[in-house]
Amino acid sequence: MSVTAIVVAVLCVLVLGWVVRRVLAGREVREKSIEPEALYALLKAKKILLYDVRQPLDFLAHPEIIPGATRIAPKDIAGRTAAFPRDQHSVIYCTGGDDETSQMVLGKARALNFTRVKLLKGGLAAWKEKGYPVEAYTESFHLDTAT
């Protein structure tokens, strides 16, 4: 077998592995998502905890938050959630629906043994599009900057 054939075979295996991981990640995100209407009903019934996990720069563009949400910067999740119950029904959201931050935070939540965490499908944008309320976010926050 020539070196070229081996290189092509290795590249095919790597690409196939990448595609499979992306498909599985997409399926998990779909399975772990909640529609804005369902979240609204759960919030009204006070049956869920809500966390805003948007990046600090997103707050500069959209300084608002869903009423009742707790703001947790993605980099602070492990420390801020240490005392949280792992089996509490919770929802996290970012700015938009396909936001990589949501996927990253879902992975962190899973790694921290949170068993009942969902993503808000479409994020804050979908929530606002449905006409659901938001309020001004007035707490201070720090931009993450490289030093």
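Just above, that's the structure.
All figures in this text were calculated on a predicted structure; none of them were measured in a lab. (Residues numbered from 1 in each chain as written. Predicted model: local features only at pLDDT ≥ 70, side-chain atom pairs only at ≥ 80, totals over all residues. Heavy atoms only, no water.)

1. Digging into the pairing of strand β5 (residues 90-93)
Each regular strand carries side chains that alternate between the two faces of the sheet.
Next, step 1: The two faces of β5 match: S90 and I92 on one face and V91 and Y93 on the other face are all buried.
Next, step 2: By the bridge criterion, four bridges tie strand β2 (residues 49-52) to β5 in an arrangement that is parallel. Bridge pairing in β5 places D52 opposite Y93.
Next, step 3: Relative to strand β6 (residues 117-120), β5 runs parallel, the two sharing three bridges. The partner of S90 across the bridge, within β6, is V117. (Buried < 20%, exposed > 50% of the residue type's maximum accessible area, 1.4 Å probe, protein only. Helix = DSSP H or I, 4+ residues; strand = E, 2+ residues; numbered from the N terminus. Pairing = 2+ DSSP bridges.)

2. Structural notes on the packing of aromatic side chains
Next, step 1: All chains considered together, the criterion is met by five aromatic pairs.
Next, step 2: The interplanar angle of 25 degrees and the centroid separation of 5.5 Å between the aromatic rings of Y51 and F84 together place this pair among those described as stacked. Here Y51, found in strand β2, pairs with F84, found in the loop between α4 (77-80) and β5; they are 33 residues apart in sequence, far enough to count as distant.
Next, step 3: In this structure Y51 comes out as buried when scored by relative accessible area, which is 10%.
Next, step 4: Since its relative accessible area comes to 24%, F84 is described here as partly exposed.
Next, step 5: Among the aromatic side chains, those forming a connected cluster through ring pairs are Y40, W127 and Y132.
Next, step 6: It is R54 that lies over the ring of F59; its NZ or CZ is 4.0 Å from the centre. (Phe/Tyr/Trp six-rings, centres within 6.5 Å; stacked < 30°, edge-to-face > 60°. Lys NZ or Arg CZ within 6 Å of the ring centre and 35° of its normal.)

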